[in-house]
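A look at the structure
If you want the building blocks of each chain, they are given just below.
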Amino acid sequence: LLAATAGRGARTAPRFEAQNAATAARDPEEAGLGDARPLRAGSREVLRAARQMDPTPMATLLDRCLWPECHKALEERLFPMVERFRAALPASVEFWRAGGYQQLVLDFGVGNFGSVGGRRLNAALGIAWPDHAFLLRAREHVPRVGRSMGDPYTSDGVEFTRQRVSAYAEHDLAAPGLPVPLRGAGVHTNGRALRSRWLVPVRPPYHPQADRGTCSEFRMLASLCDAMARADPRGLCSAAARAEFTGLVQVLVSGPCCVSCVGAFAQFRVLFPGVQVRVAAGRPPSALPRRAARPSEAEGASARARGCEGRGPGPEFGAGSASGGAGAGAATGAA
């Protein structure tokens, strides 16, 4: 069924809107289908219409295993948007609380900058890439890194699979008022919306009913803020008290962070400027070899082994990969 769907999607891709083309390229790859036809169709669509694409489908396609020239074309379009988005973010918590960030998201019409675009934005926000030792530990708790993770459930006798995003986080924090360092680690998943007195989630532009207080990253950061407030006798009642916190928070997220969660990390950085934050989210893409024929079963297995169709990232999560090297590497330098 997946192969048939992929084949039909590849044939009809030129008639797709940009978001549908991005989805057609994304889903078979995430499912581990060893069929490059949707990826080649997505590559052709990028070369044809990259300049007319909105930010979200551009970000989705940039994360895919496409032809190298497609990654370059998408970076040339998406990265300037990332820079403009970052330039519009003031270093003030009131910006979020007064609805400024929500309006910024609506003005840009972006729900997700993807793994590559998100890493570049994080670097501009002072959010670095986690260290190698942390990533090795994190992979023991997040078994599959990708845009979505299958989470089966049954309703009225029918089996469904819901999207699930996991975030593994470690923190090691200190402050003058703490008798001992505040340390911890754990896995957080998306679930019931968590209200926070510290952080403000926002709605994505095309899903006004979506509550991003349910996101794993937001739930993790909101819980951490509460733990810091409980540990500090002053209760984080002033900016001066929050600024005295030092230490490190490292996070691995199984998929790209939405703009609401990017904003949550940015808010955390503003609230606690002395705390280093390092985030890895999703996986960067590989380059798709140019070949005209549909791969045989053996070729599909070979492609998967090379890390293209259905790839599983190593501990460095794509270090040296095609777009990961050009985009993510540049972002790391900015940090």
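So, here is what we can say about the structure in this document.

Conventions we followed
- Residues numbered from 1 in each chain as written.
- Predicted model: local features only at pLDDT ≥ 70, side-chain atom pairs only at ≥ 80, totals over all residues.
- Heavy atoms only, no water.
- Helix = DSSP H or I, 4+ residues; strand = E, 2+ residues; numbered from the N terminus.
- Buried < 20%, exposed > 50% of the residue type's maximum accessible area, 1.4 Å probe, protein only.
- Contact = heavy atoms within 4.5 Å.
- Phe/Tyr/Trp six-rings, centres within 6.5 Å; stacked < 30°, edge-to-face > 60°.
- Pairing = 2+ DSSP bridges.
- Axes fitted to C-alpha atoms, helices over the stretch in contact; angles between N-to-C directions.
- Parallel < 35°, antiparallel > 145°, perpendicular 65-115°, else oblique.
- Left-handed = near helix turned anticlockwise from the far one by under 90°.
- Arc of directions from axis to C-beta.

Counting secondary structure elements, the chain contains 14 helices and six strands. The buried share among the 335 residues of the chain stands at 50%. Of all intrachain contacts in the chain linking residues separated by at least 6 positions in sequence, the fraction that spans at least 24 positions is 75%.

In this section: the packing of aromatic side chains. For any pair of aromatic rings, the description rests on two quantities: the centre-to-centre distance and the angle between the ring planes. Across all of its chains, the model carries eight aromatic pairs by this definition. Here Phe 85 and Tyr 101 contribute two aromatic rings whose centre-to-centre distance is 5.9 Å and whose plane-to-plane angle is 75 degrees, an arrangement assigned as edge-to-face. Here Phe 85, found in helix H5 (residues 68-87), pairs with Tyr 101, found in helix H7 (residues 100-108); they are 16 residues apart in sequence, far enough to count as distant. Since its relative accessible area comes to 1%, Tyr 101 is described here as buried.

The subject of this paragraph is the environment of Cys 257. Along the chain, the position of Cys 257 falls in the loop between strand S5 (246-253) and helix H12 (259-271). For Cys 257, a relative accessible area of 8% translates into the label buried. Separated by 23 residues in sequence, Cys 257 and Ala 280 have C-alpha atoms that sit 9.3 Å apart. Setting aside anything within four residues of it in sequence, one finds Cys 257 in contact with Asn 112, Glu 217, Val 262, Phe 265 and Ala 281.

Most of strand S3 (residues 166-174) sits out of view: seven of its nine residues are buried. With eight bridges joining them, S3 and strand S4 (residues 182-189) adopt antiparallel strand pairing. In the sheet register, His 171 faces S4, and the bridge partner there is Gly 184. As paired elements, S3 and S5 share eight bridges and run antiparallel to each other. By the bridge assignment for S5, His 171 is matched with Val 249.

Where H5 meets H7, the axes come as close as 11 Å, and the angle between the chain directions of the two elements is 155 degrees. One way to sum up the angle between H5 and H7 is to call them roughly antiparallel. Considering only the axes of H5 and H7, their crossing is right-handed. Seen from H5, the contacting residues are Met 81, Arg 84 and Phe 85; seen from H7, they are Tyr 101, Leu 104, Val 105 and Phe 108.

Every buried residue of H7 is accounted for by Tyr 101, Gln 102, Leu 104 and Val 105. Relative to the axis of H7, the buried residues are bounded by an arc of 160 degrees and lie together on one face. In this structure, the buried residues of H7 make contact with H5, helix H6 (93-97) and H12. Looking one or two places after H7, you find Gly 109, whose phi comes out positive at around 65 degrees.

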